[in-house]
Amino acid sequence: MQFTKSLLLLAALTTGSLAHRVHGHARRQSPSSSATVSAVPSSSGSASGGSWTATPASGSYSTAGFGSSTANSGSDITYQGNVGNPWGSNIIQVSESDASNYKYVAAISGQNTEPWTVVFWNKYGPDGKMDGWYGNSAVTFTLNAGETKYVAFDDDTNGGFGAAPGSLPTDSDGGYACTWGEFDFGSNGNSGWSGFDVSAIMAQNAGLTVQGMKMCDVLGGTCSTITTGAASVDNAYTTAETDIGGIGGNLSGDGPVRIAVTIDYSG
């Protein structure tokens, strides 16, 4: 079974009303599809690499710090995963030493030489509408030059994040209009698959700066990258790919995910 166009990770926006601006970024694909699929190792052992990429030998993952999970609803473009109760408590900042205890983790570092603001959000906002990227934040922090910070995600979390010097730029409607990193972890609506990509669609639609960003699946090797100004794009979204599904990392199975993020990426 192929999942192309079957599950929205986040909304890619064009013009017009919100209802008309939603396009699919469907990434979950079956192993038989032509999209890139990363095999995720079993959680029964420790992964190679740095300490944050390891996984509990017991296969039991921490949920410390998360709020209550919320039920999913909808399907395809309207799919709503876990947004946390209270809202946003499904996405938390964790220490490097604790990161390996969680099932889904992103390590955020950068090539930035000045402080950058990083904001994470859920696809659906606190009001229950598909507007999570309109001024909302589940996690916000400043990433200074040379720093690495860690974020953990609860099951069935789908959303995005942006990064920029100062505050995140917005478009005329108030949506975050920078380069996005998009993610979908352990989707209940897609047989436990996970996925990720980098997208310049919002920034390009608003005629604003495209920040560089790189996201890599450390356990499987797949990357999605856009360099500053979209000078180079690899396995990632620009406006030209708005309606294409399957771009980015598509991770089958219900195993752990470790994503290494580089902001202000210039290659």
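Overview of the structure. Every value quoted in this text rests on a predicted model; they were computed, and no experiment measured them.

### Looking at the state of the cysteines
Applying the stated rule across the entire model yields 1 disulfide. One disulfide bridge connects Cys-216 with Cys-223, the sulfur atoms lying 2.0 Å from each other. When the S-S torsion is 110°, as for the bridge of Cys-216 with Cys-223, the disulfide is right-handed. Among the residues examined, Cys-216 registers a relative accessible area of 13% and is labelled buried. In this structure Cys-223 comes out as partly exposed when scored by relative accessible area, which is 22%.

### Brief notes about the packing of aromatic side chains
Enumeration over the complete set of coordinates arrives at 14 aromatic pairs. When the centroid spacing of 5.6 Å and the interplanar angle of 80° are considered together, the rings of Phe-66 and Tyr-102 count as edge-to-face. Linking Phe-66 in the loop between strand E1 (37–38) and strand E2 (91–94) with Tyr-102 in the loop between helix H1 (96–99) and strand E3 (104–110), this pair joins segments that are 36 residues apart in sequence. The exposure class assigned to Phe-66 is buried, which follows from its relative accessible area of 13%. Both rings, one in Phe-153 and one in Phe-183, keep their centres 4.8 Å apart while their planes meet at 50°; by these two values the pair is tilted. Note that Phe-153 is positioned in strand E6 (residues 149–153) and Phe-183 in strand E8 (residues 180–185), a separation of 30 residues in sequence. Grouping residues by exposure puts Phe-153 and Phe-183 together as buried. Here a set of aromatic residues connected by ring pairs shows up, and it is made of Tyr-104, Phe-120, Phe-141, Phe-153, Phe-161, Phe-183 and Phe-185.

### Regarding the pairing of strand E4 (residues 116–122)
The buried fraction of E4 is high, at 7 of 7 residues. Summarising the sheet, E4 and strand E7 (residues 157–165) pair through 7 bridges and their orientation is antiparallel. Across the sheet, residue Thr-117 finds its bridge partner in E7, namely Ala-164. Across 5 bridges, the pairing between E4 and strand E5 (residues 139–143) is antiparallel. Paired with Trp-116 across the bridge in E5 is Leu-143.

### Quick notes on the pairing of E8
Burial runs high along E8: 6 of the 6 residues are buried. With burial as the criterion, each face of E8 is covered, one bearing Trp-180, Glu-182 and Asp-184 and the other bearing Gly-181, Phe-183 and Phe-185. Summarising the sheet, E7 and E8 pair through 6 bridges and their orientation is antiparallel. In the sheet register, Asn-158 faces E8, and the bridge partner there is Asp-184. Where E8 meets strand E9 (residues 194–199), 5 bridges bridge the pair, whose relative direction is antiparallel. Counterpart to Gly-181 in the pairing with E9 is Val-198.

### A look at unusual backbone geometry
Following Asn-85, the chain continues into Pro-86 via a peptide bond in cis, with omega recorded as 5°. By the element assignment, Pro-86 lies in the loop between E1 and E2. For Asp-76, which is not a glycine, the phi torsion comes out positive at approximately 50°. Relative to the elements of secondary structure, Asp-76 occurs in the loop between E1 and E2. On the basis of relative accessibility, which here comes to 40%, the residue Asp-76 falls in the partly exposed class.

Conventions and cut-offs
Residues numbered from 1 in each chain as written. Predicted model: local features only at pLDDT ≥ 70, side-chain atom pairs only at ≥ 80, totals over all residues. Heavy atoms only, no water. Disulfide = S-S within 2.5 Å. Buried < 20%, exposed > 50% of the residue type's maximum accessible area, 1.4 Å probe, protein only. Phe/Tyr/Trp six-rings, centres within 6.5 Å; stacked < 30°, edge-to-face > 60°. Helix = DSSP H or I, 4+ residues; strand = E, 2+ residues; numbered from the N terminus. Pairing = 2+ DSSP bridges.

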